[in-house]
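# Overview (structure and organization)
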Amino acid sequence: MSDSSTLPPARLRPEAELARDALSTPVLSRAARLARWAGPDTRVDAGGGLVEEQLPAAAELLGLTGDDAAAYASEAWRIAVDTGLVEITDEEQGTVATGEDIALLTGSPQDVLGVWLTALETVLADASVPDLDDIVDAMAEGGEVDLSSLGWDPESEAEFLDGVLGNLYLLTVGEDGPGDTAVPLPALAASVIVPSDMGEPTNDVLEQVSDAMMRLDDQFRLLEPIGLITYQPVDEALMADADEEPAAPVDETDVARYGMVRLTPLGLYALRTRLQEAGFEAPAVGDLADKGADALLDGTASFPPVSAHAETELWLTRREPLAAARELLAAARGTDAGAPLRRLRCQQALSLVGAGAEPALREVLDDAELGGLARVWLTEHGARDVPAPPQEMVFWLTIDTVAAQLAAEGNSEELRALVEGLAMQHSGFFDTAWRVGHPATADVLEAMGRLHPDKKVAKEARKAAFKARSQQGG
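Okay, the packing of aromatic side chains next. Any pair of aromatic rings gets described here by the distance separating the centres and the angle formed by the planes. Applying the stated rule across the entire model yields 4 aromatic pairs. On the numbers, 6.5 Å between centres and 90 degrees between planes, the contact of Trp37 with Trp77 is edge-to-face. Residue Trp37 is found in helix α2 (residues 26-37), and its partner Trp77 is found in helix α4 (residues 69-82); the two are separated by 40 residues along the sequence. Its relative accessible area of 28% is what places Trp37 among the partly exposed residues. Overall, Trp77 belongs to the buried group, its relative accessible area being 1%. Each ring, one from Phe395 and one from Phe429, has its centre 5.5 Å from the other, and the planes form 25 degrees; the classification is stacked. Here Phe429 lies in helix α20 (residues 429-433) and Phe395 lies in helix α18 (residues 391-409), a separation of 34 residues in the sequence. Note on accessibility: Phe395 and Phe429 belong to one class, buried. Members of the aromatic cluster, connected to one another through ring pairs, are Phe395, Phe429 and Phe430.

In structure tokens form, the structure reads like this:
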């Protein structure tokens, strides 16, 4: 999570839908019911918590039963206070009233989500606190609580949970990740414990992963009622014998016994908001829909293909095809380092525009930077009388395309295949290519020399790159 540019765009649900989800979460709905119930006879203690005598009535109102009913009612009350749904009117008397912020729950979706996010912060803080039984025992023995003796560092515990949730976010938004599929708890724990360059994890590291799983199991049980995640807890039978190491899972059903977690649409929205507040650039599909073509082409440059496609479709739906095509072509011009990738994104965007864009493509047929791209589009769309490109334009477009692929994917297998194909189709490719007046010519030829598996061809490419550098004066 250190490099914000690696964050793919999130595909968020509409805010109205997210607000409905937020209102229906157990944590917020209980807090709202208690806030509306609060009145002149409701009493709180010095810390703002509901006095013990009133917890049974609060639990009954919420339909809670069992040994934990009072604890859940107490938690709901604390959420109501923390979110401003309840106001303490007199601290000395311990009197309360329904807070003005209760009106936010019937306000705009943004109002509702704002209250829910405040409630989430309280729950996240609770999730970073160790087992209260340990604290009670420590106080009973010494009268004071030494956090270090409990092995608890509040800051590092919060960072650990943030790191886990950050990785869950990346797995959810990444195109190679599970998307809507649940993530096995062992894999998520390992993602923050096992170093990326470690081959086979050591026993010590595996023990740390196991400990992290147990911590996360407790924390995720707390985070599910706020609506951040859906969680299938670790099978308690696996923890029955603490001295016995559980056997490795053998199939999908077995893997599920070790815990499965999935970020909800509401959770995706929340984590994106938190990442933005922490200074990360966390884009969402649709952010660029109202911006110009230059912002679209630059913004989607680093997007994975599916996200770039979705963002471009949204952008196009708000524009007339011919005007959109002209704007895209104008934004694709340039000799800067990012220009080849802009033109590739432009080409991909134009492939989504119908025949109505044809006049815009014909207008740039003689443009040195866009003429090759225009001919490709016109030919693919079955246009008539498409002039054959001059050789110089063919080579320029080839260099531009490879430069764009290098920027988009690096040394990928697809690029390697493209390089091999170019050298094979044109026996004198390198004799001509080094003369192409494209700013990326030398870089592209160097890459071809690096990528081509045939040593003889690779050497030709490197020699051509040297000539291109000499020609450019660098």
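More follows now that the structure is in view.
Two quantities define a packed helix pair, namely the angle between the helix axes and the distance between the axes. Where α18 contacts helix α19 (residues 413-425), the axes come no closer than 10 Å and their chain directions differ by 160 degrees. Classified by the angle their axes make, α18 and α19 are roughly antiparallel. Where α18 crosses over α19, the two elements pack in a sense that is left-handed. From α18, Thr398, Val402, Gln405, Leu406 and Glu409 reach across to α19, where they touch Glu414, Leu415, Leu418 and Leu422. Per-class residue counts for the contact of α18 with α19 are 5 nonpolar, 2 polar and 2 charged.

In an α-helix there are 3.6 residues to a turn, and that puts residues three or four apart on one side. For α18, with 19 residues, the first-to-last C-alpha span of 27 Å sits near the 27 Å given by 1.5 Å per residue. Turning to α18, its buried residues number three or more, namely Met393, Phe395, Trp396, Leu397, Thr398, Ile399, Asp400, Val402, Ala403, Ala404, Gln405 and Leu406. Buried-residue contacts for α18 involve α15 (339-350), α17 (371-380), α19, α20 and α21 (441-451). Two residues or fewer past α18, Gly410 is found with a positive phi of approximately 70 degrees.

Definitions and limits used
- Residues numbered from 1 in each chain as written.
- Predicted model: local features only at pLDDT ≥ 70, side-chain atom pairs only at ≥ 80, totals over all residues.
- Heavy atoms only, no water.
- Phe/Tyr/Trp six-rings, centres within 6.5 Å; stacked < 30°, edge-to-face > 60°.
- Helix = DSSP H or I, 4+ residues; strand = E, 2+ residues; numbered from the N terminus.
- Buried < 20%, exposed > 50% of the residue type's maximum accessible area, 1.4 Å probe, protein only.
- Axes fitted to C-alpha atoms, helices over the stretch in contact; angles between N-to-C directions.
- Parallel < 35°, antiparallel > 145°, perpendicular 65-115°, else oblique.
- Left-handed = near helix turned anticlockwise from the far one by under 90°.
- Contact = heavy atoms within 4.5 Å.
- Nonpolar A, V, L, I, M, F, W, Y, C, P; charged D, E, K, R; others polar.
- Expected span 1.5 Å × (residues − 1).

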